[in-house]
Amino acid sequence: MSTAYDPGAVEPNWFARWERADLFRARPDSGKPHYSIAVPPPNVTGELHMGHAVNASLQDLWARYRRMTGHEVLWLPGTDHAAIATQNVIERQLAQEGTTKEELGREAFEARVQAWYREVGSVIISQFKELGSSLDYSRLRFTMDDAYVRAVRTAFVHYFDKGMVYRGPRIVNWCPRCLSAISDLEVEWQDHEDQLYRIRYQVEGTDESVVIATVRPETMLGDTGVAVHPEDERYRHLIGRHAILPLVGRRLPIVGDASVERGFGTGALKVTPGHDPLDYEIGERHGLDRIDMLHPDGRLNTPFAPAYNGLSGLEARERIVGELKALGQLAGVEAYMHQVGHCDRCHNVLEPLVSEQWWLRMEELARRSLEASERGEVRWHPARFERTYLDWLRGIRDWCVSRQLWLGHRIPVYTCGEGHIFASVDEPERCPRCGDATLTQDPDVLDTWFSSALWPFATLGWPDPTDDLRAFYPTSLNSTDRQIINLWVTRMIFSGLEFMDGVPFQDVMIHATIQAPDGRRMSKSLGTGVNPREIIQRYGADALRIWASQVALSSQDVRWDESRVEGFRRFANKLWNATRLIRNGLGPTPVPPPDPDADLALMDRWVLSRLQATVDAVTEGIEGYSLGSAVGALYDFAWHDLCDWYLESAKSRLRDADPAARSVSLHVLDTLCRLLHPFMPFVTEELWHLLPGERDFLVRAPWPRGDARLRKPDVETTVERLQAIVEEVRSCRKRVKAPGRGGWLAFDDAVDRDLAPLVAELAGVEVVAELRGTGVALASASARVAFPAVKANGAGRDKERRELMAELDRANSKLANADFLARAPEAVVEKQRSRQAELEAALSRLEA
């Protein structure tokens, strides 16, 4: 073995060997218990980002762990066509080339998209492999492959035939850039510093006026009413009268509606039903007219007010404000900060717009989902995220499932020449009602989330009753980010209930969001993104994976800290060197496993006991979705228990070919590789295969089981005492700046004297019956230690003494303060007393 671990030389070779051995192919006819995960399909818009890397690490951890615990595992890979996002990417490319999709034509555009899918899809799969993802690549799915398209059409036709989908005008979030409706859940809210304009609307037949406040005065052209709270004393007398719209002269009914916020602006609300969701609802309740005052590209559509027709919103605003001011109807202007919705794909400002769209009725689907939750059919980890899911379901509205794009699943609704409308899974040749062959298909495509809502069962072959569907549905785990709980997780749940009569997964694991180091979101456009491929090249996939496992289920979002990944790279190197040490001591002959009932040495019994504690902690951590505690247990055992203590104590025994030391070392390392494998598959596979004996692959090796016979609490207590003595001797040596080894230790207690050989080995001192001179008394044992004389460093010693005395004075002052003793928590007071004792002991050692 080389003197240092090189992940770049190890990781690619092992993935190639795993693929050749076909380790990750799932067999539906296996007699093992089945476990399945459908990978959240990455958008085919570019390379995997850090969020994908984190999530893939977690899913692979579970897939490998379940294989080792005796399950038949299907971890199914795939990608999503991401209609809006992908279309935006392609359109930006075309713009750089000086053309547009319209100039290119639909057929050429679709060919370009297909080439993009092939190119980016292959990059994504290669990145999964770099991470060590043990996906069943033989089952790769794509949301635009032929079988998946058929599943999407089947789902839509099912809803259509049940009367659950309908087409109608409703107000939507409209993107003037994408020329498509955008989901409420995909709105990117940004703070805008604008101005709040106060405008006088004359009350008809009176000298009175009502003042409204608006950020967008240009939208007044679409006003069809004024609303006030029915209990607002300022305006109650006006309800039932009419106001006159400035510049246009339209009569506006003044209505009372409890949704009006009396504290906002003037308490009087201009009602523009065609341009605001709340106004739309007020208009519906009070029968107000609706004026669609915007073109799809965001320009004003006001033929009734030709002076503004065709202008952009900002152009119209400037003209309208100037005219209102000239007429004396502008009552005031003030600075105003508010949030404005943007398209999360192209980042343009969204416009509320009434549009003819396809809608899915949600009442029944939401009810079934809530009932499944009440029955506990889906478990959430952490449990608090179930509240996000439940709250959205309880306030859910019908889902706008149509989008006005060139890219995506075309809505399978057709109209014949006689006006009959029908839906069909297969491409129809004629109308099923009248036989007319003049058919026109609806031009819209489905929301991408409609197709991805079918992912857990459509990927398994639904609507056909396939072996995979019977064997692996429902899936076992869904792991994702909280930001798409309602965009995706909730929709998969109600889709599974509707089409499979059962929830699509048993557990939902929500991982933390990885932020940039300054707390901003990771974004390539913002320059805050971190490419996981570059991190893998620097530190190896194992280091990135185990870091992700440690932090991903944190209670808060996690800021990127590359030094922590680097720390796990050092951890891999520590394992490498521990393996070198053990291999050098094993020799060529086979080594039997340790006998739990044998009379083993103290440190052998101790490390086996600590190993069993680690097996229990790691297993409980994985099963309990407490991956950080599992990583902590592995790290502490490997670095401290095994390397710092056991191997340090066993070096000489390994050199002398001690059979027990050989047997215990090999067993511990073998078990540690198994425990670490789901977290760090590459380095553990390499190290495990460097050990003697016939070896298959770790993913096929059984997961370590707990063995109560090896737990020795009394042995652990004894070694804790040993460690305290050794650490104190080392601390004394450091204090007096003595050489790294040498010195004398005398025990006064016969019990501690039994530890003498180990103390001598680990602390680098000679244990003697009696010291010459007084030596330094230890706090951890009834013993004294002395070191060879060293040249005194008077100035350094004086400075250290002054620092210790100053800190001791502060501690004494606190403990002499009656208020501190009375008010501080008991734990704080006790900690201060312990520190006082430590400082006094340190001063004593310094004087000695």
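A quick note: this is a predicted structure, and the numbers were derived from the prediction, not measured.

### Details of the overall build of the protein chain
Line of reasoning, step 1. A count of helices and strands for the protein chain gives 27 helices and 29 strands.
Line of reasoning, step 2. The C-alpha atoms of the protein chain give a radius of gyration of 36 Å, which is well past the 29 Å a tight globule of 848 residues would have.
Line of reasoning, step 3. Of all 848 residues assigned to the protein chain, the portion counted as buried reaches 53%.
Line of reasoning, step 4. Contacts in the protein chain between residues at least 24 apart in sequence constitute 76% of all its contacts with a sequence separation of at least 6.
Line of reasoning, step 5. About 37,700 Å² of surface is accessible on the protein chain, with carbon and sulfur atoms providing 48% of the total.
Line of reasoning, step 6. Of the side-chain charges in the protein chain, 103 are positive and 123 negative, and the distance between the mean point of each set is 4 Å.

### Regarding the pairing of strand β12 (residues 268-271)
Line of reasoning, step 1. Neither face of β12 is exposed, since Ala268 and Lys270 on one face and Leu269 and Val271 on the opposite face are all buried.
Line of reasoning, step 2. The pairing of strand β9 (residues 225-228) with β12 spans four bridges and is antiparallel. Its bridge partner being in β12, glycine 225 is matched across the sheet by valine 271.

### Some details on the pattern of salt bridges
Line of reasoning, step 1. Applying the stated criterion across every chain yields a total of 57 salt bridges.
Line of reasoning, step 2. As a salt-bridge pair, arginine 545 and aspartate 60 come within 2.7 Å of each other at their nearest N and O atoms. With arginine 545 in helix α16 (residues 541-551) and aspartate 60 in helix α2 (residues 50-68), this pair connects stretches of sequence that are 485 residues apart. A single burial state applies to arginine 545 and to aspartate 60, both of which are buried.
Line of reasoning, step 3. Notably, a salt bridge pairs lysine 162 with glutamate 498, separated by 2.8 Å at the nearest N-O pair. On the criterion of sequence distance, the pair formed by lysine 162 in the loop between α6 (146-161) and β5 (165-175) and glutamate 498 in helix α14 (residues 485-499) is long-range, its members being 336 residues apart.

### Looking at the side chain of aspartate 447
Line of reasoning, step 1. Here aspartate 447 lies in the loop between β21 (445-446) and α11 (448-452).
Line of reasoning, step 2. With a relative accessible area of 3%, aspartate 447 lands in the buried category.
Line of reasoning, step 3. Polar side-chain contacts of aspartate 447 include one of 3.2 Å to the side chain of arginine 403.
Line of reasoning, step 4. Setting aside its immediate chain neighbours within four residues, aspartate 447 contacts Glu186, Trp399, Cys400, Val401, Ser402, Arg403 and Arg491.

### Notes on the packing of α16 against helix α17 (residues 562-586)
Line of reasoning, step 1. Following both chains from N to C, one finds α16 and α17 inclined at 120°, their axes separated by 8 Å at the closest point. In terms of orientation, α16 lies oblique with respect to α17. The element α16 and its partner α17 pack so that their crossing is right-handed. Residues Ala543, Leu544, Ile546, Trp547, Gln550 and Val551 of α16 form the contact with α17, whose own contacting residues are Arg564, Val565, Phe568, Arg569 and Phe571.
Line of reasoning, step 2. Here the contact of α16 with α17 is built from residues that sort into eight nonpolar, one polar and two charged.

### Focus on the pairing of strand β14 (residues 351-360)
Line of reasoning, step 1. Judged by how many residues are buried, β14 sits mostly within the fold: nine of 10 residues are covered.
Line of reasoning, step 2. Note: β5 against β14, 10 bridges, orientation antiparallel. Looking at β14, one finds that proline 169 is bridged to glutamate 356.
Line of reasoning, step 3. Judged from the two bridges that link them, β14 and strand β16 (residues 399-400) form a sheet pairing that is antiparallel. Residue pairing for β16: tryptophan 359 is matched across the bridge by cysteine 400.

### Description of the nonpolar core
Line of reasoning, step 1. Counting residues in hydrophobic clusters, the biggest one holds 151 residues, and the most contacted among them are Met50, Trp62, Trp547, Trp560, Tyr646 and Phe679.
Line of reasoning, step 2. Discounting residues that sit within four places of it in the chain, phenylalanine 679 has contacts with Leu61, Asp542, Arg545, Ile546, Ser549, Val618, Ile622, Ala630, Val631 and Leu634.
Line of reasoning, step 3. Leu76, Met362, Ala471 and Phe499 belong to the second largest nonpolar core, which has 58 residues in total.

### What to know about the sheet that holds strand β27 (residues 766-768)
Line of reasoning, step 1. Taken in spatial order, the four strands of this open sheet run β27-β26-β29-β28, and their pairing is mixed. With partners counted over all chains shown, the strands left at the sheet margins are β27 and β28 (776-777), one partner each.

### Observations regarding the environment of alanine 372
Line of reasoning, step 1. Position of alanine 372 relative to the elements: it lies in helix α9 (residues 363-374).
Line of reasoning, step 2. In this structure the C-alpha to C-alpha distance between alanine 372 and arginine 112, which are 260 residues apart in sequence, comes to 43 Å.
Line of reasoning, step 3. Not counting residues within four places of it along the chain, the set of residues in contact with alanine 372 comprises Glu377, Leu497 and Val503.

### Topic: the environment of glycine 496
Line of reasoning, step 1. Here glycine 496 shows up in helix α14.
Line of reasoning, step 2. Taking C-alpha positions, glycine 496 is 41 Å from glutamine 612, a pair spaced 116 residues apart along the chain.

### Looking at the sheet that holds strand β18 (residues 413-416)
Line of reasoning, step 1. Pairing in this open sheet of three strands is antiparallel, and the strands run β19-β18-β20 from one edge to the other. Edge strands, defined here as strands with exactly one partner in the open sheet, are β19 (421-423) and β20 (439-441). On average, each strand axis in the sheet is inclined to that of its neighbour by 30°, with strand direction left out of account.
Line of reasoning, step 2. By the bridge criterion, three bridges tie β18 to β19 in an arrangement that is antiparallel.

### Things to note about the packing of aromatic side chains
Line of reasoning, step 1. Counting across every chain of the model gives 35 aromatic pairs.
Line of reasoning, step 2. Ring centres of tyrosine 148 and tryptophan 455 lie 5.7 Å apart, and the angle between their planes is 45°; on these two criteria the pair is classed as tilted. Of the two residues, tyrosine 148 is situated in helix α6 and tryptophan 455 in helix α12 (residues 455-458); the sequence distance between them amounts to 307 residues. Of the two residues, tyrosine 148 and tryptophan 455, both sit in the buried class.
Line of reasoning, step 3. An angle of 85° between the planes, with centres 5.0 Å apart, marks the rings of tryptophan 547 and tryptophan 560 as edge-to-face. Residue tryptophan 547 is found in helix α16, and its partner tryptophan 560 is found in the loop between β25 (558-559) and α17; the two are separated by 13 residues along the sequence.
Line of reasoning, step 4. Taken together, Phe156, Tyr159, Phe160, Trp358, Trp399, Phe450, Phe457, Trp462, Tyr473, Phe494 and Phe499 form an aromatic cluster joined through their ring pairs.

### Some remarks on helix α3 (residues 83-96)
Line of reasoning, step 1. With 14 residues, α3 ought to run about 20 Å at 1.5 Å a step, and its terminal C-alpha atoms sit 20 Å apart, in line with that.
Line of reasoning, step 2. By the criterion of burial, α3 is predominantly enclosed, with 10 of the 14 residues buried.
Line of reasoning, step 3. All of the buried residues in α3 are Ala83, Ile84, Ala85, Thr86, Gln87, Asn88, Val89, Ile90, Glu91 and Leu94.
Line of reasoning, step 4. In this structure, the buried side of α3 is in contact with α4 (101-104), α5 (106-130), β6 (180-182), β17 (402-403) and α11.
Line of reasoning, step 5. In the segment just after α3, glycine 98 is the residue with positive phi, at about 80°.

### Some words on unusual backbone geometry
Line of reasoning, step 1. Across the junction of histidine 381 and proline 382, the peptide omega takes the value -5°, indicating a cis bond.
Line of reasoning, step 2. Considering the arrangement of structural elements, one finds proline 382 in the loop between β15 (379-381) and α10 (386-394).
Line of reasoning, step 3. Tyrosine 473 connects to proline 474 through a cis peptide bond whose omega is 0°.
Line of reasoning, step 4. Inspection of the secondary structure assignment puts proline 474 in the loop between α13 (467-472) and β22 (475-481).
Line of reasoning, step 5. Although it is not a glycine, leucine 247 adopts a positive phi angle of roughly 75°.

Conventions used here
- Residues numbered from 1 in each chain as written.
- Predicted model: local features only at pLDDT ≥ 70, side-chain atom pairs only at ≥ 80, totals over all residues.
- Heavy atoms only, no water.
- Helix = DSSP H or I, 4+ residues; strand = E, 2+ residues; numbered from the N terminus.
- Rg over C-alpha atoms; globule rule 2.2 N^0.38 Å.
- Buried < 20%, exposed > 50% of the residue type's maximum accessible area, 1.4 Å probe, protein only.
- Contact = heavy atoms within 4.5 Å.
- Areas by Shrake-Rupley, 256 points an atom, 1.4 Å probe, with all protein chains shown as cover.
- Lys, Arg positive; Asp, Glu negative; His and termini not counted.
- Charge placed at Lys NZ, Arg CZ, Asp CG, Glu CD.
- Pairing = 2+ DSSP bridges.
- Salt bridge = Lys/Arg side-chain N within 4 Å of Asp/Glu carboxyl O.
- Polar contact = N/O pair within 3.5 Å; in protein donor to acceptor, adjacent residues only side chain to side chain.
- Axes fitted to C-alpha atoms, helices over the stretch in contact; angles between N-to-C directions.
- Parallel < 35°, antiparallel > 145°, perpendicular 65-115°, else oblique.
- Left-handed = near helix turned anticlockwise from the far one by under 90°.
- Nonpolar A, V, L, I, M, F, W, Y, C, P; charged D, E, K, R; others polar.
- Core = buried A, V, L, I, M, F, W, Y, C linked by side-chain atoms within 4.5 Å.
- Phe/Tyr/Trp six-rings, centres within 6.5 Å; stacked < 30°, edge-to-face > 60°.
- Expected span 1.5 Å × (residues − 1).

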